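# Coordinates in review
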Amino acid sequence: MRLLFLQNGPRRTTVSKLEQRFADAGFAVDFKFAYGGEFPNSLDGYDACFLSGSPHGAYEDIPWIIREHELIEELAERGVPTLGICFGSQILGSALCGRDQVFRRQRCEVGWMSLDLTPESSRDALTSGLARSVHMFVWHNDEVRDGHRDMRILAASPDCPNHVWRCRDLPIWGIQGHPEVNAAQARVWFEDSRKRLEADGADVDALKRDASDGVEAKRLISNFIEHAKAACQQERVS
């Protein structure tokens, strides 16, 4: 099984080490530094894809962002299981539901939050096994609109009606928050990002104090992995 990992952030390394989690689950991870313009020549042979966060906006006219839009459209055409987190969710919305779907919020939504699951979530593979809410760290100035006909909303907060969503019945999901980090990783990330977090109105010391491993939220990632593996096995059998 091969997974394409598109790193949209300015560093080649990730705090969460999510690429290692995919590898531990049995995927051969093809790590591409999309932020630096690295993309595969072809999507042939990929069984899944992950899109990371980024300090940029999906609406920015930057060559690598434009290229990633094109790649996402092809992923959807091929039906490749795909998961995007934060910017990854936003660029999925922009590529598959329209460039006007992502907008700059009037104020940042940041903090540890319990996101309410929608009735739709009880029937979806990504949110399988979760109860009425899922707790995770949230930090975003951009947002994906919630009213598009091709979006199935799975989770929301009082200040953001689209936190977790699926594109139609495709195996493509976006998560606005950050279920990928554990408590130790979060504390490192918060300290490294102290100036930006404080500029966005966060109490960094409180965030570090309240940090958790987010076991419940990580089920979203586990469910994606299991869905992608099952899809891969089914395709090989057929």
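Residues numbered from 1 in each chain as written. Predicted model: local features only at pLDDT ≥ 70, side-chain atom pairs only at ≥ 80, totals over all residues. Heavy atoms only, no water.

### What about the pattern of salt bridges?
In the structure shown here, the tally under the stated rule is 21 salt bridges. A salt bridge links R152 to D169; its shortest N-O distance comes to 2.5 Å. Linking R152 in strand β7 (residues 151-157) with D169 in the loop between β8 (160-167) and β9 (172-175), this pair joins segments that are 17 residues apart in sequence. A salt bridge links E198 to R194; the shortest N-O distance between them is 3.2 Å. With E198 and R194 both in helix α5 (residues 194-199), this residue pair falls four residues apart, about one helical turn. Bridged by salt links that share partners, the residues E120, R123, D124, R152, R166 and D169 form one connected network. (Salt bridge = Lys/Arg side-chain N within 4 Å of Asp/Glu carboxyl O. Helix = DSSP H or I, 4+ residues; strand = E, 2+ residues; numbered from the N terminus.)

### Digging into the packing of aromatic side chains
The final tally for this structure, using the stated rule, is 16 aromatic pairs. Centroid distance F5 to F31: 5.1 Å. Interplanar angle 20°. Geometry classified as stacked. With F5 in strand β1 (residues 2-6) and F31 in strand β2 (residues 28-32), the pair connects residues that are 26 residues apart, well separated along the chain. Using a relative accessible area of 1% as the deciding quantity, one classes F5 as buried. Ring centres of W173 and F224 lie 6.1 Å apart, and the angle between their planes is 85°; on these two criteria the pair is classed as edge-to-face. Separated by 51 residues along the polypeptide, W173 in strand β9 and F224 in helix α7 (residues 215-237) bring together distant segments of the chain. The residues W173 and F224 share a single accessibility class, namely buried. Cluster of aromatic residues (ring-pair linked, three or more members): F5, F22, F27, F31 and F50. Over the ring of F39 we find R67, and its NZ or CZ is 5.6 Å from the ring centre. (Phe/Tyr/Trp six-rings, centres within 6.5 Å; stacked < 30°, edge-to-face > 60°. Buried < 20%, exposed > 50% of the residue type's maximum accessible area, 1.4 Å probe, protein only. Lys NZ or Arg CZ within 6 Å of the ring centre and 35° of its normal.)

### So, the state of the cysteines
Tallied over the full model, the rule gives zero disulfides. Distance from the sulfur of C160, which forms no disulfide, to the nearest cysteine sulfur (C86) is 11 Å. Judged by relative accessible area, C160 falls into the buried class, the value being 0%. (Disulfide = S-S within 2.5 Å.)

### Some words on helix α4 (residues 183-192)
Turning to α4, its buried residues number three or more, namely A183, Q185, A186, W189 and F190. Down the axis of α4, the smallest arc covering the buried residues is 155°, so these residues share one side. Contact partners of the buried residues in α4: β5 (102-117), β6 (133-144), α5 and α6 (204-209). For α4, the N-terminal cap is N182; the gap from its side-chain oxygen to the backbone nitrogen of A184 is 3.2 Å. (Arc of directions from axis to C-beta. Contact = heavy atoms within 4.5 Å. Polar contact = N/O pair within 3.5 Å; in protein donor to acceptor, adjacent residues only side chain to side chain.)

### Notes on the packing of helix α2 (residues 63-78) against helix α3 (residues 87-97)
Taken N-terminus to C-terminus, the directions of α2 and α3 make an angle of 70°; their axes are 9 Å apart at the nearest point. It follows that α2 is roughly perpendicular to α3 by the angle criterion. Facing W64, I65, E68, H69, I72, E73 and A76 of α2, the residues of α3 in contact are F87, I91, L92, S94, A95 and L96. Of the residues belonging to the contact of α2 with α3, the class tally is nine nonpolar, two polar and two charged. (Axes fitted to C-alpha atoms, helices over the stretch in contact; angles between N-to-C directions. Parallel < 35°, antiparallel > 145°, perpendicular 65-115°, else oblique. Nonpolar A, V, L, I, M, F, W, Y, C, P; charged D, E, K, R; others polar.)

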